[in-house]
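Geometric and topological summary
Listed here are the chains, written in short residue letters.
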Amino acid sequence: MPSKNTICLWFNGTALEAATFYAQTFPDSSVTAVHRAPGDYPSGKQGDVLTVEFTVMGIPCLGLNGGPIFPHTEAFSFQVATDDQAETDRLWNAIVSHGGQESACGWCKDKWGLSWQITPRMLSAAISHPDPAAAKRAFDAMMGMGKIDIAVIEAALKG
């Protein structure tokens, strides 16, 4: 039975490719069903992949091959909390090296235009540190980064 609340992501014919990449890249992720169109539709033909049910880190998603009308924007992103630099590097590099692009402050975009925040848990703790000066140093360090470097954030936190 489908989840009561599912994220629907619009793709231009590449929902299965994207879902497969997410399932191979992120833990607790999988492609659970592929549904083909029972008839022709504005951006496809009968038999084409219409929707793909998948999970990304336990979050239920539906990929809809709706055509080029609605591209992804930074207004929606997945935020992934990482435990260490190795996990941060692995996920960031998987997205960027698979046709994606780097952005600022831990953000990157995959090849389908979907935005990801690869955010070390340590960063979240640092920028909410009870010492406002330490939090600001960590925040200022983050503002100059693409991929987050935990060692640099730790050094900034210490002053």
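In this numbering scheme, every chain counts its residues from 1 along its sequence in written order. Where totals are concerned, whole chains, interfaces and linings use all residues; where local detail is concerned, this predicted model gives features only for residues with pLDDT of at least 70, and gives and counts side-chain atom pairs only at 80 or more. Note that water and hydrogens are dropped before the side-chain values are worked out from all heavy atoms of the structure.

1. Things to note about the packing of aromatic side chains
By convention, a stacked pair of Phe, Tyr or Trp rings (six-membered ring in the case of Trp) has centres within 6.5 Å and planes under 30 degrees apart, an edge-to-face pair has planes over 60 apart, and any other such pair is tilted. Using the criterion set out here, one finds 9 aromatic pairs in the structure. For the ring pair phenylalanine 78 and tryptophan 116, a centre distance of 4.8 Å and an interplane angle of 20° mean the geometry is stacked. Placement of phenylalanine 78 in strand 5 (residues 77–82) and of tryptophan 116 in strand 8 (residues 115–120) is noted, with a sequence separation of 38 residues between them. No difference in accessibility class separates phenylalanine 78 from tryptophan 116, as the two residues are buried. Secondary structure elements are defined from DSSP: runs of H or I of at least 4 residues count as helices, runs of E of at least 2 residues count as strands, and each element is numbered from the N terminus. Relative accessibility thresholds used throughout: buried, under 20% of the residue-type maximum; exposed, over 50%; partly exposed, between the two (1.4 Å probe, protein chains only).

2. Quick notes on the side chain of asparagine 65
Among the secondary structure elements, asparagine 65 is positioned in strand 4 (residues 59–65). Polar contacts here mean pairs of N or O atoms no more than 3.5 Å apart (in protein, one a potential hydrogen donor and the other a potential acceptor; neighbouring residues in sequence count only if both atoms are side-chain atoms). Here valine 49 takes part through its backbone oxygen, which lies 2.9 Å from a polar atom of the side chain of asparagine 65. Contacts were defined at the residue level, with two residues in contact if any of their heavy atoms lie within 4.5 Å. In contact with asparagine 65, not counting residues within four places along its chain, are Phe11, Asn12, Gly13, Thr14, Ala15, Tyr41, Ser43, Val49 and Leu50.

3. Thoughts on the side chain of threonine 119
Counting through the fold element by element, threonine 119 comes out in strand 8. The contact partners of threonine 119, leaving out residues within four places of it in the chain, are Gln79, Val80, Ala81, Thr82 and Ser124.

4. Some details on unusual backbone geometry
For aspartate 28, which is not a glycine, the phi torsion comes out positive at approximately 55°. Here aspartate 28 lies in the loop between helix 1 (15–25) and strand 2 (30–36). A residue is classified by how much of its surface remains accessible, and aspartate 28, at 60% relative accessible area, is exposed. Despite not being glycine, cysteine 105 has its phi angle at roughly 60°, a positive value. Position of cysteine 105 relative to the elements: it lies in the loop between strand 6 (101–102) and strand 7 (107–109).

5. What to know about the nonpolar core
Throughout, nonpolar core names a set of buried Ala, Val, Leu, Ile, Met, Phe, Trp, Tyr and Cys residues whose side chains join them through atoms within 4.5 Å. Residues Tyr22, Phe26, Phe54, Val56, Trp116 and Ile118 are the most contacted members of the largest nonpolar core, which totals 25 residues. Put simply, the parts of the chain that give this core at least two residues each are strand 1 (7–11), helix 1, strand 3 (49–56), strand 5, helix 2 (85–97) and strand 8. Judged by nonpolar contacts, the second largest core, of 12 residues, contains Ala134, Met145, Ile153 and Leu157.

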